[in-house]
Amino acid sequence: MSNALKRIEIPIALTIIATLLQVIPYYLDIAPVKNAADQMQTVVLIIVACATFVGVISILQVHGKKIQRKSEGWEYSIIVVLGTAVMALTGLPLAEFGLGTNNAIFNYIFTNAMTPLGGTMYSIIAFFITSAAFRAFRAKNIESSIVLVAGTIMVMGNAPLFTNALPVLADISLWIREVPNMATMRGVMIGAALGAIALAVRTLMGIERGYLRGGGEE
Amino acid sequence: MSIMKKVQNLDTRIIYLLAWLFVLFPLISPLGLPIPISNDARNWYNYVENEVNDGDTVIFSLMYGTSGMPELFPMSVATMKHILEKDVKIVVVTFWVEGPLVFDTLIGQVDPADYGKVYGEDWINLGYIPGQETAIGSLATSFQNTVANDYVEGRPLSSFPIMDDIKSANDVDLIISFETGTPGAPEWLRQWNTAYGVPIIVGCIGVSVPGMIPYINSGQMAALMPGLTVSAEYEVLLSKPGLAVAGVDAVSTSHLLVVLLVIIGNIAYFMTKEDEK
């Protein structure tokens, strides 16, 4: 019995059934299949919701070990563990006990710590981009010159300071965005879609087993 | 080492300091530069103004966390103000874990009650639904089967009058999605636009714009709000200057710095190149 359960055909069959259950109702209106697909979606949502707890446990395990062993940067792990514990406990959906997203502590940390920290993380990109533009936009050859000119026009076309003085910059940057950029992005998207279809077909046929047993070795 | 060689290898810390100063200066002392209106802002404004009709049901989705707030929050606020002025039903939902908290911040600035909207009758907040694209697809099939209770009062959806006529994607007339990544526009398009024909307009961060353009050109996406500059233009069109107008001067000065550095860097490069020869 145990050997039968280890057979590789079982997970492959489950994958095929699960995939077809989602694909068929997208194209064909067959009531029983659609109902089964809806049920499966609900099951997936429940599994994903449960996975949140796995995430919390994982964070506590990883950073708990770091603190215990006093590994490099363990002081930061204390902040992670404390932050996770406080936000998880104060954010529990128990409004009758004053907990939940309306809790004062939860709101205070979200508004005064998470929001500015999140904004800071994103805003740091501005510094990196400025530095990268300075070092990368050099007219060393024809290819880099094209990047330099296109990039600089795009930068200028997005700033009212330049488009007020030279309205044509907005038109040129729009053209770059909607002609060469779009052509390239279409190519990338169609290529990725074809790749995804090929991968799906290989998976459905049981040829692609990379997701099984760390490589699908029998 | 020559001056030009030093300029070419300018210390990164100096560049960071300059970037900081160029962003900080207009925030402390606004320049009040005129804001020209682009087609993107006009299309967005016209779509919300003319294509959203009385009685329509609109999904308002904040698909971003706190990191996306500097760029996306101003356009979210402005658009919310715009649709609240209309007689539409609004369903707030997100598939990003921080989305409900961002919406709570938004509600602090734009209270639907100020526009005469009653919770549960004119608008409802479904909160966060885990499951990414699966959840988006599931919501399209059935609101009631996907979300048990609302986010604000924790009551069953069936207890709210607004949900009497909203059962699936077939009952929705427009999706307004603001987003920084996955799940986002491609997932909405696959599960709602292609399958049910629900129109969608998307506000996104600047770096996502190149990937969105094919959807606009194909007609799958009805309008696009690409980044902070266009949200400032939209605020001007709405005659409601807000966070984006306040920040767009900083966009101009930071972009000016990039252009100046590129010019200086190239001059230094060519001058040292001549010296090396």
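Residues numbered from 1 in each chain as written. Chains lettered and ligands numbered in written order. Predicted model: local features only at pLDDT ≥ 70, side-chain atom pairs only at ≥ 80, totals over all residues.

### Remarks on the overall build of chain B
Phase 1: Of the regular secondary structure elements, chain B holds 11 helices and six strands.
Phase 2: Principal-axis analysis of the C-alpha atoms gives chain B an extent of 75 × 35 × 30 Å.
Phase 3: Buried residues in chain B amount to 50% of all 277 residues.
Phase 4: Here the contacts in chain B between residues at least 6 apart in sequence split such that 74% fall between residues at least 24 apart. (Helix = DSSP H or I, 4+ residues; strand = E, 2+ residues; numbered from the N terminus. Buried ≥ 20, exposed ≤ 12 C-beta atoms within 10 Å, placed from the backbone. Contact = placed C-beta atoms within 7 Å.)

### A short note on the domain arrangement of chain B
Phase 1: Annotation of chain B at the domain level lists domain 1 (3–30 + 251–276) and domain 2 (39–241).
Phase 2: Between domain 1 of chain B and domain 2 of chain B, the C-alpha centre-to-centre distance is 39 Å. (Domains from an automatic or database assignment.)

### Brief notes about the interface of chain A and chain B
Phase 1: The partner chain B presents 53 residues to the 46 residues of chain A that form the contact.
Phase 2: Ranked by the residues each element gives to the side of chain A that touches chain B, the list is headed by helix H5 (residues 104–136) of chain A, at 14 residues.
Phase 3: Residue composition of the side of chain A that touches chain B, by class: 26 nonpolar, 15 polar and five charged. (Nonpolar A, V, L, I, M, F, W, Y, C, P; charged D, E, K, R; others polar.)

### Some words on the sheet that holds strand S1 (residues 57–63) of chain B
Residues and elements named next belong to chain B.
Phase 1: Ordered by their spatial adjacency, six strands build an open sheet running S3-S2-S1-S4-S5-S6, and the pairing between neighbours is parallel. Each end of this open sheet is capped by a strand with a single partner; those strands are strand S3 (123–128) and strand S6 (223–226). Direction aside, neighbouring strands of the sheet carry axes that sit 15° apart on average.
Phase 2: Both S1 and strand S2 (residues 89–94) contribute to a ladder of four bridges, which runs parallel. In the strand pairing of S2, Phe60 is matched with Val92. (Pairing = 2+ DSSP bridges. Axes fitted to C-alpha atoms, helices over the stretch in contact; angles between N-to-C directions.)

### A short note on the packing of helix H2 (residues 12–28) of chain B against helix H11 (residues 243–276) of chain B
All names here are of chain B.
Phase 1: Two elements in contact, H2 and H11, have axes whose closest approach is 7 Å; the angle formed by their N-to-C orientations is 150°. It follows from the interaxial angle that H2 and H11 lie roughly antiparallel. The interaxial crossing formed by H2 with H11 has right-handed handedness. Mapping the contact onto sequence places Ile15, Leu18, Ala19, Phe22, Val23, Phe25, Pro26 and Leu27 in H2 and Asp249, Ala250, Thr253, Ser254, Leu256, Leu257 and Leu261 in H11.
Phase 2: Its residues assigned to classes, the contact of H2 with H11 shows 12 nonpolar, two polar and one charged. (Parallel < 35°, antiparallel > 145°, perpendicular 65-115°, else oblique. Left-handed = near helix turned anticlockwise from the far one by under 90°.)

### Regarding the nonpolar core
Residue and element names in this part refer to chain B.
Phase 1: Membership of the largest hydrophobic core comes to 100 residues, with the highest contact counts inside it found for Val92, Ile175, Ile200, Met212 and Met221.
Phase 2: A per-element tally of this core places H11 first, with nine residues.
Phase 3: The two domains that each donate at least three residues to this core are domain 1 (3–30 + 251–276) and domain 2 (39–241).
Phase 4: Excluding its chain neighbours within four sequence positions, the residues that come into contact with Val92 are Phe60, Phe103, Trp123, Ile124, Asn125 and Leu126. (Core = buried A, V, L, I, M, F, W, Y, C linked by C-beta atoms within 7 Å.)

### Re the pairing of strand S4 (residues 174–179) of chain B
Residue and element names in this part refer to chain B.
Phase 1: When you tally the buried positions in S4, you get six out of six residues, the bulk of the element.
Phase 2: The pairing of S1 with S4 spans six bridges and is parallel. Bridge assignment links Leu62 to a residue of S4, and that residue is Phe178.
Phase 3: Pairing of S4 with strand S5 (residues 200–204), which is carried by five bridges, proceeds in the parallel orientation. Bridge assignment links Ser177 to a residue of S5, and that residue is Val202.
Phase 4: In this fold, S4 hands off to helix H8 (residues 185–196), which returns the chain to S5; that crossover is right-handed. (Right-handed = clockwise from strand over helix to strand, strands pointing away.)

### Describing the confidence of the model for chain B
Low pLDDT means the predicted coordinates in that region are not meant to be read closely.
Phase 1: Of the residues in chain B, 99% reach a pLDDT of 70 or more, and the chain-wide mean stands at 94.
Phase 2: With pTM at 0.90, the complex prediction returns an ipTM value of 0.87. (pLDDT = per-residue confidence, 0-100.)

### Some remarks on unusual backbone geometry
Residue and element names in this part refer to chain B.
Phase 1: Between Thr182 and the following residue, Pro183, the backbone shows a cis peptide bond with an omega angle of 0°.
Phase 2: Relative to the helices and strands, Pro183 resides in the loop between S4 and H8.
Phase 3: A positive phi is found at Gln132, a non-glycine position, where the angle reads about 45°.
Phase 4: The residue Ser239 is not glycine, and still its phi comes out positive at about 60°.
Phase 5: Structurally, Ser239 can be placed in the loop between helix H10 (227–238) and H11.

### Points about the environment of Gly116 of chain B
Residues and elements named next belong to chain B.
Phase 1: Within the secondary structure, Gly116 sits in the loop between helix H5 (99–109) and S3.
Phase 2: Given 9 C-beta atoms within a 10 Å radius, Gly116 is considered exposed.
Phase 3: Counting along the chain gives 96 residues from Gly116 to Trp20, while the straight-line C-alpha distance between them is 42 Å.

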